[in-house]
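# A look at the structure
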Amino acid sequence: MSWGTELWDQFDNLEKHTQWGIDVLEKYIKFVKERTEIELSYAKQLRNLSKKYQPKKNSKEEEEYRYTSTRAFLATLNEMNDYAGQHEVISENMTSLITGELTRYVQELKQERKSHFHDGRKAQQHIETCWKQLEASKRRFERDCKEADRAQQYFEKMDADINVTKADVEKARQQAQLRHQMAEDSKAEYSSTLQKFNSEQHEHYYTHIPSIFQKIQEMEERRIVRIGESMKTFAEVDRQVIPIIGKCLDEITKAAESVDHKNDSQMVIEAFKSGFEPPGDIEFEDFTQPMKRTVSETSLSNSRADGRSEPKFGGKSKGKLWPFIKKNKPPPPPPASASPSAVPNGPQSPKQQKEPLSHRFNEFMTSKPKIHCFRSLKRGGAGPEDFSNLPPEQRRKKLQQKVDELNRDIQKEMDQRDALTKMKDVYIKNPQMGDAASVDQRLAELGQNIEKLRLEVQKFEGWLAEVEGRLPARSEQARRQSGLYEAQNTSAMNSCAQDRESSPDGSYTEEQSQETEMKVPATDFDDEFDDEEPLPTIGTCKALYTFEGQNEGTISVAEGEMLYVIEEDKGDGWTRIRRNEDEEGYVPTSYVEVYLDKNAKGAMTYI
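Residues numbered from 1 in each chain as written. Predicted model: local features only at pLDDT ≥ 70, side-chain atom pairs only at ≥ 80, totals over all residues. Heavy atoms only, no water.

Attention shifts here to the overall build of the protein. Per the secondary structure count, the protein includes 12 helices and 5 strands. Across the protein, contacts joining residues at least 24 apart in sequence account for 70% of those joining residues at least 6 apart. Split by element, the accessible area of the protein, about 38200 Å² in all, is 51% carbon and sulfur. (Helix = DSSP H or I, 4+ residues; strand = E, 2+ residues; numbered from the N terminus. Contact = heavy atoms within 4.5 Å. Areas by Shrake-Rupley, 256 points an atom, 1.4 Å probe, with all protein chains shown as cover.)

Structural data, given as structure tokens:
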């Protein structure tokens, strides 16, 4: 089956058919190109969708993604981003393996087709030229034969006419002979041309045209094979990404299976637990005779009645300020009215009337404003450094976050210091690379920064240990120093409650009140925490250098001074020492030489 033998006379139809084949190929290229554009658009839309629902950094929304359900949703968003990437891979592979390759192939195919049909037209023109030559030779032979026949007839006529001279007859005879000779020559030329044409025609239809048509057939078959391979590649490109897409879907399923409703419920408790106990029962108040009312110490309306009269501040119990207490004990009551009996350090009324039960009930029912005040305090400006305005559980979490943040900062500073130290060593070994003294100032700054950060860590770890109950409560001096903030905080709290009560609809308007400094007398609650037993001595130490303890929790020592060790270095670079019963604090471990008792654990010497 060959086009050269079967379609020897269909040159024009073959030309149209091959052009149609190229058009089909170009149509398929256009189809694949539009498919790649669809894949890119789909991938872009998927990425935008994933980005749209991603949590914003450093926002409240990001904190919500600690629950298993929201983490699963975040994993779904990430997997959808990878899913979009696979569609981009499909587009890229189709563009490079199909669109690009076929576009180049179409250009080559057009050139090859043009060359083959040019050769075919050239062969046709040649055979047509031979045919014209044959026709011309044939007409010339026919004309010469007719001329020779007329010349012969004229000679015979002249020879039969007795009136014609002999010379005329001879002339007619010679003319007839000449015409006969010309006819013979034309015959010979026609015969030769005919043989040549037959040879050329046979060569044309049995050699040249079959060869050209065979090349055209092979070209068309290659085009068909190529478009089939492209369609196969079209499917393979999709099939190659199916395993990765399957993994994406498996990860989404895995994330969905990791949703734990019990864990999320527990995280809600950890996020909002205040650490306080519910209020105790309110006892019946008999107005017929004075009765001493006792309630739980953790009650919202707790009022101490130990034989001493306490001032009433705007009819509000000091137990209402529980969200803002700094320790696990109620703070001293701040003034909330302008009455003389409510002024701190002022004369207190020896006797005060009992509040009616309705006042106590209203006091309990109006406990909601303190939550609003707590929120406004949280929103309005910076709180205390030790987060004492928060409930115990929330305060512990904040302190732990602060400690972790400071430890990360210390690690960054230490990494920079190590890098600069290595650079300095390189400069010392190879002075041509740089001046080693140029990094000394930066190293000193990093050392100071690390020292400051360690002091901060020590301070916050102390507060954290106090909250977690690992250390005794703060000393009387520290409590008195923090009393100012507690008084200000409580004053702001009462102001918030008064504003709410003065509003007809019970709404609350946040307004910043002017903070006033005041001294709050220590109550007998402070005495309850002053009897804590001090930490035992576990060894002694000698100061190798002088250290000026300027930060809270540190103690100043002089070179050569002997002191007692009450807490060894826990890996943070600080040792807790005591000079006497009233003076104790932390010093850098590198500043002292420690001698631990043999019976003390970890009997090691730090230098």
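Now for the pairing of strand 3 (residues 574-578). Regular strands place side chains that alternate from one sheet face to the opposite one. Among the 5 residues of strand 3, 5 are classified as buried, and the element is accordingly described as predominantly covered. Alternating residues of strand 3 divide into Trp574, Arg576 and Arg578 and Thr575 and Ile577, and every residue in both groups is buried. In terms of strand pairing, strand 2 (residues 562-567) meets strand 3 through 3 bridges, oriented antiparallel. By the bridge assignment for strand 3, Glu567 is matched with Arg576. Linkage of strand 2 to strand 3, two consecutive antiparallel strands, is achieved through a turn of 6 residues, within which Gly571 is found at a positive phi near 100°. (Buried < 20%, exposed > 50% of the residue type's maximum accessible area, 1.4 Å probe, protein only. Pairing = 2+ DSSP bridges.)

Okay, helix 6 (residues 261-272) next. An α-helical turn contains 3.6 residues, so any two residues separated by three or four positions project in the same direction. The terminal C-alpha atoms of helix 6 lie 17 Å apart, and with 12 residues this matches the ideal 16 Å at 1.5 Å per residue to within 8%. Tucked into the core, helix 6 has its buried residues touching helix 4 (68-160) and helix 9 (392-429). One side-chain oxygen of the residue at the start of helix 6 lies 3.1 Å from the amide nitrogen of Lys262, identifying that residue as Asp260. (Expected span 1.5 Å × (residues − 1). Polar contact = N/O pair within 3.5 Å; in protein donor to acceptor, adjacent residues only side chain to side chain.)

Residues Trp8, Tyr205 and Tyr206 make up a contiguous nonpolar surface patch of roughly 360 Å² in combined accessible area. Along the chain, Tyr206 turns up in helix 5 (residues 166-257). (Patch = residues over 30% accessible without salt bridge, like charges linked within 9 Å, V, L, I, M, F, W, Y side chains within 5 Å. Salt bridge = Lys/Arg side-chain N within 4 Å of Asp/Glu carboxyl O.)

Bringing the nonpolar core into the picture now. One finds Leu25, Tyr28, Met94, Ile98, Phe213 and Ile216 to be the most contacted residues of the largest nonpolar core, which totals 31 residues. Elements with a contribution of two residues or more to this core: helix 2 (11-52), helix 4 and helix 5. When residues no more than four places from it in sequence are discounted, the contact partners of Leu25 are Leu102, Tyr105, Val106, Leu109, Arg223 and Ile227. Core analysis: the second largest hydrophobic core is formed by 16 residues, Phe547, Leu563, Val587 and Val594 among them. (Core = buried A, V, L, I, M, F, W, Y, C linked by side-chain atoms within 4.5 Å.)

For side chains of opposite charge, pairing can occur when their charged atoms come near one another. Counting across every chain of the model gives 25 salt bridges. Glu147 serves as the salt-bridge partner of Arg150, at 2.2 Å between the closest nitrogen and oxygen. With Arg150 and Glu147 both in helix 4 and 3 residues apart, the pair spans about one turn of that helix. Looking at Arg150, the relative accessible area reads 44%, which means it is partly exposed. Its relative accessible area of 25% is what places Glu147 among the partly exposed residues.

Enumeration according to the criterion identifies 12 aromatic pairs in this entry. Between Phe31 and Phe234, the ring centres sit 5.6 Å apart and the planes meet at 35°, which makes this aromatic pair tilted. A residue pair is termed long-range when its members are at least 10 positions apart, and Phe31 in helix 2 and Phe234 in helix 5 qualify at 203 residues. On the accessibility criterion, Phe234 (17% relative accessible area) is buried. Both rings, one in Phe547 and one in Trp574, keep their centres 6.2 Å apart while their planes meet at 70°; by these two values the pair is edge-to-face. Within this pair, whereas Phe547 is found in the loop between strand 1 (539-543) and strand 2, its partner Trp574 is found in strand 3, the two being separated by 27 residues in sequence. Judged by relative accessible area, Trp574 falls into the buried class, the value being 2%. An aromatic cluster of at least three residues, connected via ring pairs, comprises Tyr545, Phe547, Trp574 and Tyr591. (Phe/Tyr/Trp six-rings, centres within 6.5 Å; stacked < 30°, edge-to-face > 60°.)

Let us look at the side chain of Gln217. Here Gln217 lies in helix 5. Leave out the neighbours within four places in its chain, and Gln217 touches Met1, Ser2 and Trp3.

Let us now look at the pairing of strand 4 (residues 584-588). With respect to burial, strand 4 is a largely interior element, 4 of its 5 residues being buried. Between the antiparallel neighbours strand 3 and strand 4 lie 5 residues.

Once that is clear, we can look at the sheet that holds strand 3. Strands sit in the order 4-3-2-1-5 across an open sheet of 5 strands; the sheet is antiparallel. On the outer flanks of this sheet lie strand 4 and strand 5 (592-596), each paired with one strand and no other. The mean inter-strand angle of the sheet, taken between neighbouring strand axes irrespective of direction, is 40°. Most of the contacts of helix 10 (residues 440-468) go to strand 3, to which it runs at about 60°, and overall it touches strand 3 and strand 4. (Axes fitted to C-alpha atoms, helices over the stretch in contact; angles between N-to-C directions.)

Bringing the packing of helix 6 against helix 9 into the picture now. Put simply, helix 6 and helix 9 touch, their axes get as near as 7 Å, and they point 90° apart. By the criterion of interaxial angle, the relationship of helix 6 to helix 9 is roughly perpendicular. Here helix 6 contributes Glu270, Ala271 and Phe272 to the contact with helix 9, which in turn contributes Glu393, Gln394 and Lys397. When grouped by side-chain class, the residues that make up the contact of helix 6 with helix 9 number 2 nonpolar, 1 polar and 3 charged. (Parallel < 35°, antiparallel > 145°, perpendicular 65-115°, else oblique. Nonpolar A, V, L, I, M, F, W, Y, C, P; charged D, E, K, R; others polar.)

Turning our eyes to something else, we now look at helix 5. The end-to-end C-alpha distance of helix 5 is 133 Å, a good match for the 136 Å that 92 residues give at a rise of 1.5 Å each. Residue His204 marks the point of greatest curvature in helix 5, where the axis turns by about 40°. (Bend = angle between axes of the 7 residues up to and from the residue.)

A few words now on the packing of helix 2 against helix 5. Axis separation between helix 2 and helix 5 bottoms out at 11 Å; the angle between their running directions is 15°. Here helix 2 lies roughly parallel to helix 5, going by the angle between them. Crossing geometry of helix 2 relative to helix 5 is assigned as left-handed. Among the residues making up the contact of helix 2 with helix 5, the classes are represented as 15 nonpolar, 4 polar and 4 charged. (Left-handed = near helix turned anticlockwise from the far one by under 90°.)

Our focus in this paragraph is the side chain of Arg35. Note that Arg35 resides in helix 2. Here Arg35 falls in the buried class, since its relative accessible area comes to 16%. A distance of 2.9 Å separates the side chain of Arg35 from the side chain of Asp238, its partner in a polar contact. Here Arg35 is in contact with Ile90, Met94, Phe234 and Asp238, once residues within four sequence places are set aside.

In this section: the environment of Trp8. Positionally, Trp8 belongs in the loop between helix 1 (3-6) and helix 2. What makes Trp8 partly exposed here is its relative accessible area of 42%. Remark: the alpha-carbon pair of Trp8 and Phe213, spanning 205 residues in sequence, is separated by 7.8 Å.

This next bit is on the environment of Glu468. You can see Glu468 is positioned in helix 10. Separated by 76 residues in sequence, Glu468 and Pro392 place their C-alpha atoms 8.8 Å apart.

Confidence in the prediction for the protein averages 76 pLDDT; 72% of positions are at 70 or higher. Within the model, the stretch residues 470-531 combines pLDDT values under 50 with 100 contacts to residues more than four positions away or in other chains. Across residues 601-607, where pLDDT falls below 50, the model places 19 contacts with residues more than four positions away in sequence or in other chains. (pLDDT = per-residue confidence, 0-100.)

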